[in-house]
Protein chains: 2
Amino acid sequence: MMKKSLMDDLLAAAHDAAKAGDVPVAAAIVAPDGTVVALESNRMVRDGNALHHAEILAINAALAKTGGSRLDGYDLWVTLEPCAMCAGAIAHARLRRVYFAAYDAKAGAVESGIRYFDHPSCNHRPEVYGGLSEQAASIMLSDFFAAKR
Amino acid sequence: MMKKSLMDDLLAAAHDAAKAGDVPVAAAIVAPDGTVVALESNRMVRDGNALHHAEILAINAALAKTGGSRLDGYDLWVTLEPCAMCAGAIAHARLRRVYFAAYDAKAGAVESGIRYFDHPSCNHRPEVYGGLSEQAASIMLSDFFAAKR
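Everything numeric here is computed off the predicted structure, so don't read it as measured data.

### A look at the overall build of chain A
In step 1: Of the regular secondary structure elements, chain A holds five helices and five strands.
In step 2: For chain A, the α and β elements follow one another from N to C terminus as α-β-β-α-α-β-α-β-β-α.
In step 3: Against the compact-globule benchmark of 15 Å for 149 residues, chain A has a radius of gyration of 14 Å, which places it among compact chains.
In step 4: Out of the 149 residues in chain A, the part that is buried amounts to 52%.
In step 5: For chain A, contacts bridging at least 24 residues in sequence account for 58% of all contacts bridging at least 6.
In step 6: As presented, chain A carries roughly 6,300 Å² of accessible surface, and 53% of it is formed by carbon and sulfur atoms.
In step 7: In chain A, 15 side chains carry a positive charge and 17 a negative one; their mean positions are 1 Å apart.

In structure tokens:
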């Protein structure tokens, strides 16, 4: 039940990001004991920084909070399949598991595109669980981009 | 001549990083008019953050300085072939050119490994110039890791 409600919290945070003009994506870092240590949404528009994806902000917030330089044993939850930059960051941070909602056939880099964690040059492969709450996350993204047109 | 001396400055900054315990890598962002707007070295050890690669720090410093959310028309110079995370960040920032020194057969993602900019899922391909001052950069990295053993 914890896991279901965390993705619901992320979908709500993503919805808030969209209301502020950002592409609706949110991510959380969960400690081995189940504590949510960071929850961030995509802030590219609000921060004026093309690197401020939800996953990067969540990893940096979790590192600041835990005081470690990596997040061994921690899990990442995110409403959209991570891109190449974020997949690389996930490997560098040594996250244990990645749970994501919507697949991103265009820019995704986990189960789509470069499939980074499956490549021999990737030095850390987390366990990956894709497609959780996919429908809700996909519809939110489609609505966001439809409204932009 | 400007370009030659910039890579020399980066090799010197990378050398200083190594003296502080960080893997010797440094990166700069150059404006279309040739101004160096950011010069950063790898600070993973000093900052206690596995994402603090020189390229990420240089892009963020340049965005803060220019006030833009991307770096269209700007160039990145770096002493080591960028990894997947940094290649993704380079594409997101829309950098015009990437100049790098040493090739990284193990974790590089530009001319090695996933060759991210050549992949159809990459939405922006910068011009790439690899192998500049390669010998100097490679020797510095080899010395650093030899001293660690």
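### Considerations on the side chain of Asp22(B)
In step 1: With respect to the helices and strands, the residue Asp22(B) is situated in the loop between helix 1 (2-19) and strand 1 (26-30).
In step 2: Within the structure, Asp22(B) has its side chain in polar contact with the backbone nitrogen of Met44(B) (distance 3.1 Å).

### What about the sheet that holds strand 1 (residues 26-30) of chain A?
Residues and elements named next belong to chain A.
In step 1: The strand order 2-1-3-4-5 describes an open sheet built from five strands, whose pairing is mixed. Each end of this open sheet is capped by a strand with a single partner; those strands are strand 2 (36-41) and strand 5 (127-130). Within this sheet the neighbouring strands show an average axis-to-axis angle of 15°, counted without direction.
In step 2: Pairing between strand 4 (residues 97-102) and strand 5: four bridges, direction parallel. Bridge pairing in strand 5 places arginine 97 opposite glutamate 127.
In step 3: Sheet strands in contact with helix 5 (residues 134-148) are strand 3 (75-80) and strand 4, and its direction is about 55° off that of strand 4.

### Description of the UniProt feature "active site" (unreviewed entry) in chain A
Residue and element names in this part refer to chain A.
In step 1: With numbering aligned to this structure, UniProt lists the feature "active site" (unreviewed entry) at Glu55.
In step 2: Its place among the elements puts glutamate 55 in helix 3 (residues 54-66).
In step 3: The exposure class of glutamate 55 is buried, given its relative accessible area of 4%.
In step 4: Apart from residues no more than four positions distant in its own chain, glutamate 55 is found in contact with Ala27, Leu76, Val78, Leu80, Pro82, Cys83 and Cys86.

Thresholds applied
Residues numbered from 1 in each chain as written. Chains lettered and ligands numbered in written order. Predicted model: local features only at pLDDT ≥ 70, side-chain atom pairs only at ≥ 80, totals over all residues. Heavy atoms only, no water. Helix = DSSP H or I, 4+ residues; strand = E, 2+ residues; numbered from the N terminus. Rg over C-alpha atoms; globule rule 2.2 N^0.38 Å. Buried < 20%, exposed > 50% of the residue type's maximum accessible area, 1.4 Å probe, protein only. Contact = heavy atoms within 4.5 Å. Areas by Shrake-Rupley, 256 points an atom, 1.4 Å probe, with all protein chains shown as cover. Lys, Arg positive; Asp, Glu negative; His and termini not counted. Charge placed at Lys NZ, Arg CZ, Asp CG, Glu CD. Polar contact = N/O pair within 3.5 Å; in protein donor to acceptor, adjacent residues only side chain to side chain. Pairing = 2+ DSSP bridges. Axes fitted to C-alpha atoms, helices over the stretch in contact; angles between N-to-C directions. UniProt positions renumbered as here; feature names shortened; annotations may be inferred.

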